[in-house]
Amino acid sequence: MLPGVGVFGTGSTARVLVPLLKAEGFEVHALWGRSEEEACCLAKELGIPFHTSRSDDVLLHQDVDLVCIYIPPSMTRQIAVKALGIGKNVVCEKAATAVDSFKMVTAARYYPQLLSIMGNTLRFLPAFVAMRQLLVEGYVGELQVCDVRVYGPSLLDQSYGWTCEELMGGGGLHTVGSAIIDLLSYLSGTRAHRVHGLLRTFVQQNGLIRGIRRVTSDDFCFFQMLMGGTGSSSVCCTVTLNFNMPGSFVHEVMVVGSTGRLIARGTELYGQRNGSKSEELLVGDNGWVGPEVKEMPLPLLQGLSSMVKALRQSFQAKEERRCWARGPVATAPTFEDGLYVQTVVEAVKRSSSSGEWECVEIMSHEPDPNQNLCEALKRNKN
């Protein structure tokens, strides 16, 4: 028996997610929106029987056992932690800060019987599933270099909102770069220990965002990561994100090793061994049969579809609708992975400000919220 689903969010992801859930046999019982009008409009469009702008109405809904959270990052932690505390399984997007991510990790550890995964759909894309398997099998030999390029149109909403604000989780690094950071960790089986980055906001105002308001979120980002071992044994990673290219979308991930390379272009995977004269197609594009969504690139769209299929398999394996099997979703990023990713994101931001390489140190305990105040009081006493 599949669990009933409650969806938080009315953006492009939610619009795609609901039909995918229904196609796999899930019943979507409730929808939350930031306003009653937003929630009502999308609920009617997607055929969802209950809508609200009050989060507790969804979390306490008797037919909802799985909560999918696709809302602004600054709100994610509050809903995810509360959902786990009530006893709901959770699939959610990234939080806004490492502190928020740590609180989500704490809640997930307290309720280990509940599903708690991050919604990075790239891990489920067949091209990257195959790439990871080929890396494990030694297709490229010893992994040396990872190079990622993501180019596309602006990530800003039509009106001023969280996507314009760096502190609220907007920008290419947080929105797209976080998924790439997680993907590279998944593919390589290692984590970054040092990073160096550069962030820029080239479009600070436009026809819809003007006057006293300015965009602070980055639309260009370049960063490097040293992953795995130290010294010459580290895997060198470079990532370039550019969202000043309207009308185009490029998503390319290349891994290079001692005996060959693998390249994922969009949803296709190519490989070439050293000594070979040309690339070979390893995973082709089987075609997307679902609805076209301009706001969501095809790799994310197909990855989301694959993730929903994995969720169905996970819950179908158990008779009780709240119970799930780990196997089908074993590759999904955990809340611990989310904390690591957010830690790297914040290290890249520090590097952009300092101009120096920054160490990645994952939080092991929640910082004292009054720490700055206490330090100020101590300085005054001295």
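Residues numbered from 1 in each chain as written. Predicted model: local features only at pLDDT ≥ 70, side-chain atom pairs only at ≥ 80, totals over all residues. Heavy atoms only, no water.

The protein chain carries the name Glucose-fructose oxidoreductase domain-containing protein 2 in an unreviewed UniProt entry, which gives Maylandia zebra as its organism. Regarding the protein chain, the relevant UniProt record gives this comment under Subcellular location (unreviewed entry): "Secreted, Extracellular space, Extracellular matrix". According to UniProt, the comment filed for the protein chain under the heading Sequence similarities (unreviewed entry) is "Belongs to the Gfo/Idh/MocA family." (UniProt positions renumbered as here; feature names shortened; annotations may be inferred.)

Colleague: Can you explain the pairing of strand β7 (residues 143-151)? Please cite residues and give values.
Modeller: With eight bridges joining them, β7 and strand β11 (residues 250-257) adopt antiparallel strand pairing. Bridge pairing in β11 places cysteine 146 opposite valine 255. Here β7 pairs with strand β10 (residues 234-242) via seven bridges, running parallel. Residue pairing for β10: tyrosine 151 is matched across the bridge by asparagine 242. (Pairing = 2+ DSSP bridges. Helix = DSSP H or I, 4+ residues; strand = E, 2+ residues; numbered from the N terminus.)

Colleague: Describe the UniProt feature "domain: GFO/IDH/MocA-like oxidoreductase" (unreviewed entry) in the protein chain, and please don't skip the residues or the numbers.
Modeller: In this structure's numbering, the residues bearing the UniProt feature "domain: GFO/IDH/MocA-like oxidoreductase" (unreviewed entry) are residues 128-262. In this annotation, residues 128-262 is assigned 20% helix and 35% strand; the end-to-end C-alpha distance for the span is 10 Å.

Colleague: Before we move on, could you go through the domain arrangement of the protein chain and cite the residues and values that matter?
Modeller: Partitioning the protein chain into structural domains gives domain 1 (2-120 + 296-338) and domain 2 (121-281). Between the C-alpha centres of domain 1 and domain 2 there is a distance of 24 Å. Counting from both sides, the interface comprises 25 residues of domain 1 and, opposite them, 21 residues of domain 2. A combined buried area of about 2,000 Å² lies between domain 1 and domain 2, and 62% of that area is made up of carbon and sulfur atoms. When the buried surface of domain 1 facing domain 2 is broken down by residue, Asn120, Pro299 and Thr331 rank first, second and third, together holding 33% of it. Where domain 1 touches domain 2, the interface holds two salt bridges. The salt bridge involving aspartate 337 is made with arginine 123; its shortest N-O contact spans 3.7 Å. Where the side of domain 1 that touches domain 2 is concerned, the elements lending two or more residues are α4 (73-86), α8 (298-316) and α9 (335-354). It is α8 that contributes the most residues to the side of domain 1 that touches domain 2, nine residues altogether. Across the side of domain 1 that touches domain 2, the residue classes break down as 14 nonpolar, seven polar and four charged. (Domains from an automatic or database assignment. Contact = heavy atoms within 4.5 Å. Buried area = accessible area lost by both parts, 1.4 Å probe. Salt bridge = Lys/Arg side-chain N within 4 Å of Asp/Glu carboxyl O. Nonpolar A, V, L, I, M, F, W, Y, C, P; charged D, E, K, R; others polar.)

Colleague: Give a detailed account of the pairing of strand β12 (residues 260-265), specifying residues and quantitative values.
Modeller: Strand residues, when the strand is regular, have side chains that alternate between the two faces of the sheet. Strand direction decides the pairing type here: β11 and β12, joined by five bridges, are antiparallel. Across the sheet, residue valine 256 finds its bridge partner in β12, namely arginine 261. Summarising the sheet, β12 and strand β13 (residues 268-273) pair through six bridges and their orientation is antiparallel. Looking at the pairing, glycine 260 lines up with arginine 273 of β13. Between the antiparallel neighbours β12 and β13 lie two residues, among them glycine 266 with a positive phi of about 65°.

Colleague: I'd like to hear about the pattern of salt bridges, residue by residue, with values.
Modeller: A complete count under the given rule lists 19 salt bridges for this structure. The closest approach of N and O atoms between glutamate 252 and arginine 149, which form a salt bridge, is 3.3 Å. Of this pair, glutamate 252 sits in strand β11 while arginine 149 sits in strand β7, and the two are 103 residues apart along the sequence. Accessibility expressed as a relative area gives 17% for glutamate 252, which makes it buried. According to the relative accessible area criterion, arginine 149 is partly exposed, its value standing at 27%. Among the ionic pairs, aspartate 337 bridges to arginine 191, the shortest N-O distance being 3.0 Å. Of this pair, aspartate 337 sits in helix α9 while arginine 191 sits in the loop between α7 (172-188) and β8 (192-200), placing them 146 residues apart in sequence. (Buried < 20%, exposed > 50% of the residue type's maximum accessible area, 1.4 Å probe, protein only.)

Colleague: Give me the sheet that holds strand β6 (residues 116-118): which residues, what numbers.
Modeller: Read across the sheet, six strands follow the order β3-β2-β1-β4-β5-β6 without closing on themselves; strand pairing throughout is parallel. Bordering the open sheet on either side are β3 (50-52) and β6, each of which pairs with just one other strand. Ignoring which end each strand starts from, the neighbouring axes of this sheet average 15° apart. Of the pairings in the sheet, the one linking strand β1 (residues 5-8) to strand β4 (residues 66-69) comprises four bridges and is parallel in character. (Axes fitted to C-alpha atoms, helices over the stretch in contact; angles between N-to-C directions.)

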